[in-house]
Amino acid sequence: MKKLTIFFVFLAFFSCSQSKNQESFSYQKEISYEIDTVKIDAKGEFLFLNYELSMSDYDPNTDLLYNINPQSSRMEIIDMEKQELKELIQYDKDGPNAVKEMITTGIKMTDSGEMWFTDYLSIIHLDAQGQKLEQLRLTNEYFAGDTLPEGWEIDGMGKITRSGKYFISHYGDYTVNGAGLQGLAFIDLKSHHKHLIPLDAFKSLEKYEISSHERKSSVWSLITITDDEVLHYNQAHNKLYKIDLKTLEVTQKILRSDLIANEKPGKYPKQANSTEQFEEFKTIMDQEISFGNWIHDPEGDHFWRFSREKSGGTVDKPEFKVVITVLDKSLNQIAERKLDSKDSIPFFSTKFFRKGDLYMFLNMNDELAFVRLKPVLN
């Protein structure tokens with residue numbers, strides 16, 4: 001059984017072609033920005049704000065944000081233009097039209113209006129009218145192609161492209177003392193065919209792992225997807241892998257920052273003797289350089305990322321330096337800038353672009369809000 005503690009890990013697709021290494025050091029643009037806060041009118045409802053909207057999906061075609069409560073299977077639909085709750089939809093939790101098997105981990109509204117629910121054990125496909133079309137277990141029996149070794153699993157907490165063509169996630173051995181992540185699984189949702197791509201990106205992360213007698217924690221491996229490509233990266237290193245879905249070419253991009261460290265040093269104790277000590281070591285780990293998610297802006301066809309590292313203060317009251325980095329559509333680094341010290345953002349929260357502005361989830365006294373960054377590239 002996979003461990004729920006890996007809740008936000010994802011990635012990959014298709015047969016692996018020869019990898020190419022490239023560096024990206026150009027700086028062509030300057031970043032300016034404004035920041036404000038947007039509050040959503042919940043119309044008297046208590047919206048589901050646990051997990052910081054990590055299971056939600058913003059659909060640019062309708063300008064609606066879809067947020068699912070994984071326990072109740074209630075969908076909250078937010079009108080982002082009016083900044084208010086538009087509709088509530090109660091999906092079935094049990095029975096033939098249920099949208100969950102164990103626990104819902106994400107949703108995706110596709111260009112056709114159909115919807116996919118990702119679950120810890122399976123993925124569930126609904127038509128535009130909300131009727132279930134299929135439920136697929138992430139196993140060798142349901143998907144042909146490359147064979148998972150016995151005991152290995154595809155992580156159900158993967159991602160689906162906006163086109164609805166592909167499901168992309170990590171695969172590996174998720175048992176407590178197992179081999180861990182091994183690579184990326186790419187599933188063609190039309191042909192029900194899977195490809196497993198081994199990656200050597202995980203071995204270097206072992207040095208960051210904190211252990212106790214009952215828990216383990218390390219840096220996250222992450223993915224960002226478009227309908228054309230997949231980015232695979234982690235929180236510890238300033239580099240990424242790109243998989244082009246048209247050519248199937250795998251490219252490694254090495255990035256460089258002049259404003260922040262390019263690698264997490266890992267200078268903290270790794271073996272904890274109690275729960276309290278485990279949390280203490282994890283706090284120190286998180287205060288070293290952490291590279292955030294790459295967020296795709298479809299209007300500008302750029303990728304944006306926040307990175308942060310402790311620059312002062314104490315362990316209990318740290319001060320952070322936050323840096324914005326921008327890549328162009330070819331993944332060349334074209335700009336970076338330090339966030340002004342007077343500005344703050346919810347670093348680990350869910351983020352998405354809407355009409356050129358970056359929205360970052362904010363829990364404002366148990367009400368839904370967003371910190372909105374309005375960036376300009378000059």
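Given the structure is predicted, the values throughout are model-derived calculations rather than measurements.

### Some thoughts on the overall build of the protein
Looking only at helices and strands, one finds one helix and 30 strands in the protein. Computed over its C-alpha atoms, the radius of gyration of the protein comes to 20 Å, within 12% of the 21 Å expected for a compact globule of 378 residues. Referenced to the eigenvectors of the C-alpha coordinate spread, the extents of the protein come out at roughly 55 × 50 × 45 Å. Summed over all atoms, the accessible surface of the protein reaches about 17300 Å², with 46% contributed by carbon and sulfur. Averaging the locations of the 46 positively and 59 negatively charged side chains of the protein gives two centres separated by 3 Å.

### Here we look at the packing of aromatic side chains
In this description, a pair of aromatic rings is defined by centroid distance and the angle of the planes. A complete count under the given rule lists nine aromatic pairs for this structure. Centroid distance phenylalanine 347 to phenylalanine 348: 4.9 Å. Interplanar angle 85°. Geometry classified as edge-to-face. Members of the aromatic cluster, each reached through a chain of ring pairs, are Tyr58, Phe352, Tyr359 and Phe370. In this structure, lysine 270 packs its charged tip against the face of tyrosine 268, placed 4.3 Å from the ring centre.

### A short note on helix α1 (residues 275-287)
Because the α-helix completes a turn every 3.6 residues, residues three or four places apart line up on one side. Taking 1.5 Å per residue, 13 residues should reach 18 Å; α1 reaches 19 Å between its end C-alpha atoms and fits that length. Where α1 is concerned, the buried positions are Phe278, Phe281, Met285 and Gln287.

### A word on the environment of tryptophan 304
Along the chain, the position of tryptophan 304 falls in strand β25 (residues 302-313). Sequence separation between tryptophan 304 and phenylalanine 320 is 16 residues, and the spatial gap between their C-alpha atoms is 19 Å. Sequence-distant contacts of tryptophan 304, defined by excluding residues within four places in its chain, comprise Ile31, Asn293, Trp294, Ile295, Asp297, Ile324, Thr325, Val326, Phe353, Pro375 and Leu377.

Rules and cut-offs
Residues numbered from 1 in each chain as written. Predicted model: local features only at pLDDT ≥ 70, side-chain atom pairs only at ≥ 80, totals over all residues. Heavy atoms only, no water. Helix = DSSP H or I, 4+ residues; strand = E, 2+ residues; numbered from the N terminus. Rg over C-alpha atoms; globule rule 2.2 N^0.38 Å. Areas by Shrake-Rupley, 256 points an atom, 1.4 Å probe, with all protein chains shown as cover. Lys, Arg positive; Asp, Glu negative; His and termini not counted. Charge placed at Lys NZ, Arg CZ, Asp CG, Glu CD. Phe/Tyr/Trp six-rings, centres within 6.5 Å; stacked < 30°, edge-to-face > 60°. Lys NZ or Arg CZ within 6 Å of the ring centre and 35° of its normal. Expected span 1.5 Å × (residues − 1). Buried < 20%, exposed > 50% of the residue type's maximum accessible area, 1.4 Å probe, protein only. Contact = heavy atoms within 4.5 Å.

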